[in-house]
Amino acid sequence: MGVTGLLTKLKPIQKQITLDQLYSKRLAIDGYSWLHKATIGCSYELMMDLNTNTYLKYFIKRINMLKRYNIKPYFVFDGAKINVKEGIESSRLEKRILNKKRGISLWDTGKHLEAIEYFKKSVDVTPQMAKCIIDYCRSENIDYIVAPFEADSQMVYLEKEGLVDGIISEDSDLLIFGCKNLITKLNDRGEARQIERKDFNMLEEPFSIGKFSPEQLRLMVCLSGCDYTKGLGHIGLTFAYMFTSTGKSIEGILEDFIESGKLTTESAEIFLKEYYFADCSFQFQRVFSPTQQKVVTLNDITSEYLYDFKKSRILYSSIGKVINKRTRIVEYIENDEDIDHEMHRLISIGERDPSNFQTRLVSRENLINESGETQNSIQFYYSNLWNKYASPLPLHPIFNKTPVGSLSLSCN
DNA sequence: CAAGTAAACTACAT
DNA sequence: TCTCGGTTTACTTG
Ligand SMILES: [Mn+2]
């Protein structure tokens, strides 16, 4: 979900630009962000397990647009799920399944146009579709990489290492990871909005986050809620900014809440744990280095963590499980030499499925050609969930994401 | 009223 | 195997 409300508060420093202002730049592109847009146009074909080149054509159209400005794309695709990120995903999955069922029953009663509206809401973007794009990238000599975990951290790593000059994505998280040049809302006329990290200084009260250290930025979004923390109830970006402005540490802020009776010690402990994991994930999430050809961390692990047993255990359990070279088990590994960097290289080039390294990754379109009968759809992978909902239309809301505590605050 | 929350909408392509 | 996001609008709550 990114950071709710962040881009809105950054409106004063968002610049409307056109692609000629990015002439001959190298830009990382969030592959799944484009795939999610591209697959809307072929939701029916995806639903019926039919071959389609619609989503590839979307990519080609946009790549050609970039080419006219001599912009060099570097596609970055998400890899495996990182376990720090939990909660909202399962509810998204159940919603997709419900929408698919609803679409099918509408289709069966002849209401095809209405059915497709539900198919659009149930589109399931898979690594096999990413592989279809990857095959094209290979044939055209376009740079690409499959991240070991989130594309977010991988793209920021590429920018930090000077391999790209900016990042095309819709995700506000990138700025918290440390992105310096974010390009959002690119349309097919070559217009976009640019957010530069250096412009944070120009923001004014009551949201002058230019004065915040990177650590304080992470604290602020953790308090208000982000991909890695559910946040404290009744705290959004506005209050999170105020509490962070006091200069206090997370421990100090939570203590104030407990003392004033706004938070129980149990809730504070749960949140504190979440925060430690989130803070590490933002800083040290594992990425793949295309120059070193091995798994590395987004930023170098500081001595503060290295020489503190407890802190380093927290750190290594927040940055992602990797493959053990000897046992081939996917687990938390602290010793770099125990990591199967070669297998992670195969994942990074799209040879292996990032969530299941023993499986070769094959383009969706080739899969359907080869086997004739496919079992790649959502109802096969999640047959238990699919069957759980007796058809049709058991519409009840499902929420997993609930706040840790419940604060009662007033403006003062 | 202002801040937070939740649900609805959009996309694409034509 | 298990998946990207933001914006708008209407509501609740202190
Ligand atoms: Mn993100």
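Residues numbered from 1 in each chain as written. Chains lettered and ligands numbered in written order. Predicted model: local features only at pLDDT ≥ 70, side-chain atom pairs only at ≥ 80, totals over all residues. Heavy atoms only, no water.

Listed in UniProt under the heading Subcellular location (unreviewed entry), the comment for chain A reads: "Nucleus". (UniProt positions renumbered as here; feature names shortened; annotations may be inferred.)

Draft legend 1. How the structure looks around the packing of aromatic side chains. Counting across every chain of the model gives 17 aromatic pairs. Taking 4.8 Å as the distance between ring centres and 25° as the angle between the ring planes, the aromatic pair formed by tyrosine 44 and tryptophan 107 counts as stacked. Within this pair, whereas tyrosine 44 is found in helix H3 (residues 43-47), its partner tryptophan 107 is found in helix H5 (residues 88-108), the two being separated by 63 residues in sequence. On the basis of relative accessible area, tyrosine 44 is assigned to the partly exposed category, the value being 24%. Judged by relative accessible area, which is 23%, tryptophan 107 ranks as partly exposed. Following the ring pairs from residue to residue traces out a cluster consisting of Tyr32, Trp34, Tyr58, Phe59, Phe75 and Phe77. Over the ring of tyrosine 305 we find lysine 311, and its NZ or CZ is 5.9 Å from the ring centre. (Phe/Tyr/Trp six-rings, centres within 6.5 Å; stacked < 30°, edge-to-face > 60°. Helix = DSSP H or I, 4+ residues; strand = E, 2+ residues; numbered from the N terminus. Buried < 20%, exposed > 50% of the residue type's maximum accessible area, 1.4 Å probe, protein only. Lys NZ or Arg CZ within 6 Å of the ring centre and 35° of its normal.)

Draft legend 2. View of the UniProt feature "domain: XPG-I" (unreviewed entry) in chain A. Using the residue numbers shown here, the UniProt feature "domain: XPG-I" (unreviewed entry) corresponds to residues 138-209. For residues 138-209, helix accounts for 25% and strand for 24%, while the C-alpha atoms at its two ends are 41 Å apart.

Draft legend 3. Quick look at the coordination of the manganese ion. Protein coordination at the manganese ion comes from Asp152 (OD), Asp171 (OD) and Asp173 (OD), with a distance range of 2.3 to 2.4 Å. Sequence positions of the residues that donate to the manganese ion give the spacing D-x18-D-x1-D. On the criterion of sequence distance, the pair formed by aspartate 152 in helix H8 (residues 151-160) and aspartate 173 in helix H9 (residues 173-177) is long-range, its members being 21 residues apart. Judged by its relative accessible area of 5%, aspartate 152 falls in the buried class. Judged by its relative accessible area of 1%, aspartate 173 falls in the buried class. (Donors = N, O, S within 2.8 Å, 3.2 Å for Na, K, Ca; no water.)

Draft legend 4. The arrangement of the state of the cysteines in detail. Under the counting rule described, the total for this entry stands at zero disulfides. Free cysteine: cysteine 42, not disulfide-bonded; nearest cysteine sulfur from cysteine 132 at 9.8 Å. We classify cysteine 42 as buried; its relative accessible area is 0%. There is no disulfide at cysteine 137, and the cysteine sulfur nearest it, in cysteine 132, is 9.9 Å away. (Disulfide = S-S within 2.5 Å.)

Draft legend 5. Spatial organisation of the confidence of the model for chain A. Of all residues in chain A, 88% have pLDDT values of 70 or greater, and the mean over the chain is 89. The low-confidence segment residues 390-412 (pLDDT under 50) makes 49 contacts with residues lying over four places distant or belonging to another chain. (pLDDT = per-residue confidence, 0-100. Contact = heavy atoms within 4.5 Å.)

Draft legend 6. The nonpolar core, seen in detail. Membership of the largest hydrophobic core comes to 66 residues, with the highest contact counts inside it found for Leu10, Ile209, Met220, Leu223 and Leu254. Counting 42 residues, the second-largest nonpolar core is a separate cluster that includes Ile63, Val123, Ile134 and Ile183. (Core = buried A, V, L, I, M, F, W, Y, C linked by side-chain atoms within 4.5 Å.)

Draft legend 7. Region of the structure containing the packing of helix H12 (residues 250-259) against helix H13 (residues 265-284). Look at H12 against H13: their axes get within 10 Å of each other, and the N-to-C directions meet at 160°. It follows from the interaxial angle that H12 and H13 lie roughly antiparallel. When you trace H12 past H13, the crossing you get is right-handed. Where H12 abuts H13, its residues Ile250, Glu251, Leu254 and Ile258 lie against Thr265, Ala268, Phe271, Leu272, Tyr275 and Tyr276. (Axes fitted to C-alpha atoms, helices over the stretch in contact; angles between N-to-C directions. Parallel < 35°, antiparallel > 145°, perpendicular 65-115°, else oblique. Left-handed = near helix turned anticlockwise from the far one by under 90°.)

Draft legend 8. Structural view of the pattern of salt bridges. For the structure on display, the rule yields 21 salt bridges. Ionic pairing is found between lysine 120 and glutamate 117, a salt bridge with its closest N-O pair at 3.4 Å. Of the two residues, lysine 120 and glutamate 117 both sit in helix H6 (residues 112-121), three residues apart, roughly one turn of that helix. Each of Lys15, Glu196, Lys198 and Asp199 takes part in one network of salt bridges that share partners. (Salt bridge = Lys/Arg side-chain N within 4 Å of Asp/Glu carboxyl O.)

Draft legend 9. Structural view of the side chain of aspartate 340. Inspection of the secondary structure puts aspartate 340 in the loop between strand E11 (330-331) and helix H16 (341-348). On the accessibility criterion, aspartate 340 (5% relative accessible area) is buried. Within the local environment of aspartate 340, its side chain forms a polar contact with the backbone nitrogen of methionine 343, the two atoms lying 3.0 Å apart. The contact partners of aspartate 340, leaving out residues within four places of it in the chain, are Ile323, Asn324, Lys325 and Arg328. (Polar contact = N/O pair within 3.5 Å; in protein donor to acceptor, adjacent residues only side chain to side chain.)

Draft legend 10. Structural view of the pairing of strand E9 (residues 294-297). Note: strand E8 (residues 286-289) against E9, four bridges, orientation antiparallel. Within E9, the position partnered with arginine 286 by the bridge is threonine 297. In textbook terms, the turn of a hairpin is the stretch between consecutive antiparallel strands, and for E8 and E9 this stretch comprises four residues, one of which, glutamine 293, has a positive phi near 55°. (Pairing = 2+ DSSP bridges.)

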